[in-house]
Amino acid sequence: VELEVRPIDPMELTKRFLEDVLRDMGVQAKVEKIDDQDENLVFEIVGKDLGLVIGRRGQTLDALQLLVNVYANRHTQEHVRIVLDAERFRERRRKTLQDLSLRLANQVVRTRKEVVLEPMPASERRIIHYQLQNHPKVKTMSKGEEPNRRIVITLKS
């Protein structure tokens, strides 16, 4: 008897892991690998009623993404970053945050009072900072400690 060990693609192994987790959550969904975007590997979760997978403001999706990244990096030599998405949530959330940041910047200019946003993950804070970085009248900064770090929008001096 000869035994041959065939190497398994770490990303295929990670995809199977995510599908198993989703099945254990009671979610009927498939995971599709999308091409690399900005040095990130994107896995799109496809199925019906993915609200459970997304969670409140993407918290469940963020937790699954963390879990998948830990799993994937245990099985590869180089560091990989996997981004999970479901029902184009990431794109919709980015648009919502961009619109919110512009509305709040206008409010700060109008009322001349700073606005403190609710705590949010670093990836979401980055979207707001980036959106307002070239605004002529307001500036942004983050304050607080994780996980309660929040953005403050204030008038430029």
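Calculation rules
Residues numbered from 1 in each chain as written. Predicted model: local features only at pLDDT ≥ 70, side-chain atom pairs only at ≥ 80, totals over all residues. Heavy atoms only, no water. Phe/Tyr/Trp six-rings, centres within 6.5 Å; stacked < 30°, edge-to-face > 60°. Helix = DSSP H or I, 4+ residues; strand = E, 2+ residues; numbered from the N terminus. Axes fitted to C-alpha atoms, helices over the stretch in contact; angles between N-to-C directions. Left-handed = near helix turned anticlockwise from the far one by under 90°. Contact = heavy atoms within 4.5 Å. Nonpolar A, V, L, I, M, F, W, Y, C, P; charged D, E, K, R; others polar. Parallel < 35°, antiparallel > 145°, perpendicular 65-115°, else oblique. Buried < 20%, exposed > 50% of the residue type's maximum accessible area, 1.4 Å probe, protein only. Core = buried A, V, L, I, M, F, W, Y, C linked by side-chain atoms within 4.5 Å. Arc of directions from axis to C-beta. Salt bridge = Lys/Arg side-chain N within 4 Å of Asp/Glu carboxyl O.

S.K.: So what's going on with the packing of aromatic side chains? Residues and values would help.
M.R.: Evaluation of the coordinates by the stated rule reveals 1 aromatic pair. Seen in terms of ring centroids, phenylalanine 17 and tyrosine 71 are 4.0 Å apart; in terms of plane orientation they differ by 5 degrees. Their pairing is stacked. With phenylalanine 17 in helix H1 (residues 10–24) and tyrosine 71 in helix H3 (residues 59–74), the pair connects residues that are 54 residues apart, well separated along the chain.

S.K.: Got a sec to walk through the packing of H1 against H3? Specific residues and values, please.
M.R.: It is at 10 Å that the axes of H1 and H3 come closest, and there the two elements cross at 140 degrees. As for the relative orientation of H1 and H3, their crossing is right-handed in sense. Contacts between H1 and H3 involve Met11, Leu13, Thr14, Phe17, Leu18, Val21 and Leu22 from the first element and Leu64, Leu67, Val68, Tyr71 and Ala72 from the second. Along the lines of polarity and charge, the residues of the contact of H1 with H3 split into 11 nonpolar, 1 polar and no charged.

S.K.: Summarise the packing of helix H4 (residues 89–111) against helix H5 (residues 122–132); cite the residues concerned and give the values.
M.R.: It is the contact of H4 with H5, at a shortest axis distance of 9 Å, that shows an interaxial angle of 50 degrees. With respect to H5, the element H4 is oriented oblique. As H4 runs across H5, the sense of the crossing is right-handed. Seen from H4, the contacting residues are Arg93, Arg94, Leu97, Gln98, Ser101, Leu102 and Ala105; seen from H5, they are Glu124, Ile127, Ile128, Gln131 and Leu132.

S.K.: Tell me about the environment of leucine 102, and please be specific about residues and values.
M.R.: Among the secondary structure elements, leucine 102 is positioned in helix H4. Classification of leucine 102 as partly exposed rests on a relative accessible area of 35%. Taking the C-alpha atoms as reference points, leucine 102 and aspartate 20, separated by 82 residues in sequence, lie 40 Å from one another. Leaving out residues up to four positions away in the same chain, leucine 102 has contacts with Gln131 and Leu132.

S.K.: For the nonpolar core, give the residues involved together with the corresponding values.
M.R.: Formed by 21 residues in total, the largest nonpolar core has its most connected members in Leu18, Ile45, Val53, Ile82 and Leu84. Elements with a minimum of two residues in this core: H1, strand E2 (40–47), helix H2 (51–54), H3 and strand E3 (82–86). With residues near it in sequence (within four places) discarded, leucine 18 still touches Val31, Phe43, Ile45, Val68 and Leu84. Counting 12 residues, the second-largest nonpolar core is a separate cluster that includes Ala105, Leu117, Ile128 and Ile151.

S.K.: Describe H5, naming the residues involved and giving the relevant values.
M.R.: Restricting attention to buried positions, one finds in H5 the residues Glu124, Arg125, Ile128 and Leu132. Seen from one end, H5 has its buried residues packed into an arc of 100 degrees, which puts them on one side. Residues Arg126 and Tyr130 are exposed on H5 and point more than 90 degrees away from its buried face. Contacts made by the buried residues of H5 are with H4, strand E5 (138–143) and strand E6 (150–155).

S.K.: Could you give an account of the pattern of salt bridges, naming the residues involved and the relevant values?
M.R.: For the structure shown, the criterion picks out 8 salt bridges. A salt bridge links glutamate 12 to arginine 16; its shortest N-O distance comes to 3.9 Å. Note that glutamate 12 and arginine 16 are positioned in helix H1 at a spacing of 4 residues, about one turn of the helix. A relative accessible area of 42% means that arginine 16 is categorised as partly exposed. Where arginine 23 meets aspartate 20, a salt bridge forms, and the shortest distance between an N and an O atom there is 2.3 Å. Of this pair, arginine 23 and aspartate 20 both sit in helix H1, 3 residues apart, roughly one helical turn. The exposed category is assigned to arginine 23, whose relative accessible area is 53%.

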